[in-house]
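Listed below, chain by chain, are the residues.
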Amino acid sequence: MSVRTPQSAEPYGIDLAGKRIVVTGGANGIGFATSRLLVGAGARVAIADLDEAGARKAADRLGPDSAIAIRVDVCDGRSVAAMVDVAVARFGGLDGMFNNAGIIHPQDGDVTETDDQAWEKTLAVNLSGVFRCCRAGLPAIMESGGGAIVNNASVVGLVGSYPSQIAYTASKGGVIAMTRELGVAYARRGVRVNSVSPGITQTAMSAQVGATGSDDRRSQVLQHIPMGRYATPQEVGAAVAYLLSDLASYVTAQNWPIDGGLTEAYLCPPFGDPT
């Protein structure tokens, strides 16, 4: 199946000229694809990642006038606060954040099999990490005159899944709920807060857990997606770019599934069915 994916947000009418945005987990995958789209639309981006070398490599690819690299551990509140301070100091303010950093723990599975360490580490990164980023970023964005935050959730925060990943599912459901709360709380203070919920996306993390692995596994998963394919990181990034832009000026406290119709489907037609 041929897929036309956005390489820059600018041709789609998204203008982020002058915007200063932090992207966590920006060294690769959805984070890097989004950063590239944001830069293409005129933004300056702070690529923040636990992998400092990866963040520097990503920033170098986007150019020194458009991107900087910052090491951040979203499990550490002081590290997150320092990330925001560096971005504000380098850019002269902050207009937006894409809180994208997340993990899938290898020991995360059925509720009876997932131990405390896997549970706590997953929530520390995926949920508490988003909390820490919002806590540090919201005052800086308000100080700059307002802006927008997008948090990365997942379709599994909306529907059950198999095989189970109980900690990941719980963490992403928490991100959606927290986003709704923040969107309401800060709507009259000049900051819009939304989330995106990607379906399975073609990234290294998806491949790591076998989501895009064997032909049998792919066929099983794709049958439940009306569009019959996985998302690309660029497709998720395009939605994030829109939500960070002034085109979405009346959108807040919302969660956007980017899932090829998965969360709206009860049954899908068999592949090759022309009806």
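Residues numbered from 1 in each chain as written. Predicted model: local features only at pLDDT ≥ 70, side-chain atom pairs only at ≥ 80, totals over all residues. Heavy atoms only, no water.

**Some thoughts on the sheet that holds strand β2 (residues 44–49)**
The strand order across the open sheet formed by seven strands is β3-β2-β1-β4-β5-β6-β7, and the pairing between neighbours is parallel. Every interior strand has two partners, whereas the edge strands, β3 (67–71) and β7 (255–258), have only one. The sheet shows a mean angle of 20° between the axes of neighbouring strands, taken without regard to direction. Where strand β1 (residues 20–24) meets strand β4 (residues 96–99), three bridges bridge the pair, whose relative direction is parallel. In the strand pairing of β4, Ile21 is matched with Gly96. Here helix α6 (residues 166–186) sits on the sheet and contacts β5 (147–152), β6 (191–198) and β7; the angle it forms with β6, its principal contact strand, is near 160°. (Pairing = 2+ DSSP bridges. Helix = DSSP H or I, 4+ residues; strand = E, 2+ residues; numbered from the N terminus. Axes fitted to C-alpha atoms, helices over the stretch in contact; angles between N-to-C directions. Contact = heavy atoms within 4.5 Å.)

**Considering the packing of aromatic side chains**
This structure, assessed with the given rule, holds one aromatic pair. Summarising the aromatic geometry, the rings of Tyr242 and Trp256 are spaced 5.6 Å apart at their centres and angled 25° between planes, so their arrangement reads as stacked. Note that Tyr242 is positioned in helix α9 (residues 233–244) and Trp256 in strand β7, a separation of 14 residues in sequence. Geometry around Tyr186 places Arg189 over its ring, the cationic atom sitting 4.0 Å from the centre. (Phe/Tyr/Trp six-rings, centres within 6.5 Å; stacked < 30°, edge-to-face > 60°. Lys NZ or Arg CZ within 6 Å of the ring centre and 35° of its normal.)

**Overview of the nonpolar core**
A general trend in soluble globular proteins is that nonpolar side chains are found buried together. One finds Val22, Met83, Met97 and Ile149 to be the most contacted residues of the largest nonpolar core, which totals 32 residues. Among the secondary structure elements, those contributing two or more residues to this core are β2, β3, α3 (77–91), α5 (128–143), α6 and β6. Of all the elements, α5 adds the most residues to this core, at seven residues. With residues up to four places along the chain from it excluded, the contact list for Met83 reads Val22, Thr24, Ala48, Ile70, Val72, Met97 and Cys133. (Core = buried A, V, L, I, M, F, W, Y, C linked by side-chain atoms within 4.5 Å. Buried < 20%, exposed > 50% of the residue type's maximum accessible area, 1.4 Å probe, protein only.)

**Comments concerning unusual backbone geometry**
For the peptide bond that leads from Tyr162 to Pro163, omega is -5°, which places it in the cis range. With respect to the helices and strands, Pro163 occurs in the loop between β5 and α6. Phi is positive for Ala253, close to 65°, though the residue is something other than glycine. Summarising the element assignment, Ala253 is placed in the loop between α9 and β7.

**What about helix α2 (residues 52–62)?**
Every buried residue belonging to α2 is among Gly54, Ala55, Ala58, Ala59 and Leu62, and all of these are buried. With its buried residues spanning 135° around the axis, α2 presents them on a single face. Residues Ala53, Lys57, Asp60 and Arg61 are exposed on α2 and point more than 90 degrees away from its buried face. Summarising the contacts, the buried residues of α2 are in contact with α1 (29–40), β2 and β3. (Arc of directions from axis to C-beta.)

**Looking at the side chain of Asp49**
You can see Asp49 is positioned in strand β2. Every residue in contact with Asp49, bar those within four places of it in the chain, is listed here: Gly25, Gly26, Ala27, Ala55, Ile70, Arg71 and Val72.

**Topic: the pattern of salt bridges**
Under the defined criterion, the tally for this structure stands at five salt bridges. Among the ionic pairs, Glu52 bridges to Arg56, the shortest N-O distance being 2.9 Å. With a gap of four residues between them, Glu52 and Arg56 both fall in helix α2, about one helical turn apart. For the salt bridge of Glu235 with Arg229, the shortest nitrogen-to-oxygen distance reads 2.8 Å. Accessibility expressed as a relative area gives 17% for Arg229, which makes it buried. (Salt bridge = Lys/Arg side-chain N within 4 Å of Asp/Glu carboxyl O.)

**A word on the pairing of β5**
Counting buried positions along β5 yields six of six residues, so the element is predominantly enclosed. Where burial is concerned, the two faces of β5 agree: the one with Gly147, Ile149 and Asn151 and the one with Ala148, Val150 and Asn152 are both buried. As judged from the four bridges shared by β4 and β5, these two strands associate in the parallel manner. From the neighbouring strand, Gly96 faces β5, where its bridge partner is Ala148. Judged from the six bridges that link them, β5 and β6 form a sheet pairing that is parallel. Bridging from a neighbouring strand, Ala148 pairs with Arg192 of β6. Taking the sense of rotation as the criterion, the β-α-β connection linking β5, α6 and β6 turns out right-handed. (Right-handed = clockwise from strand over helix to strand, strands pointing away.)

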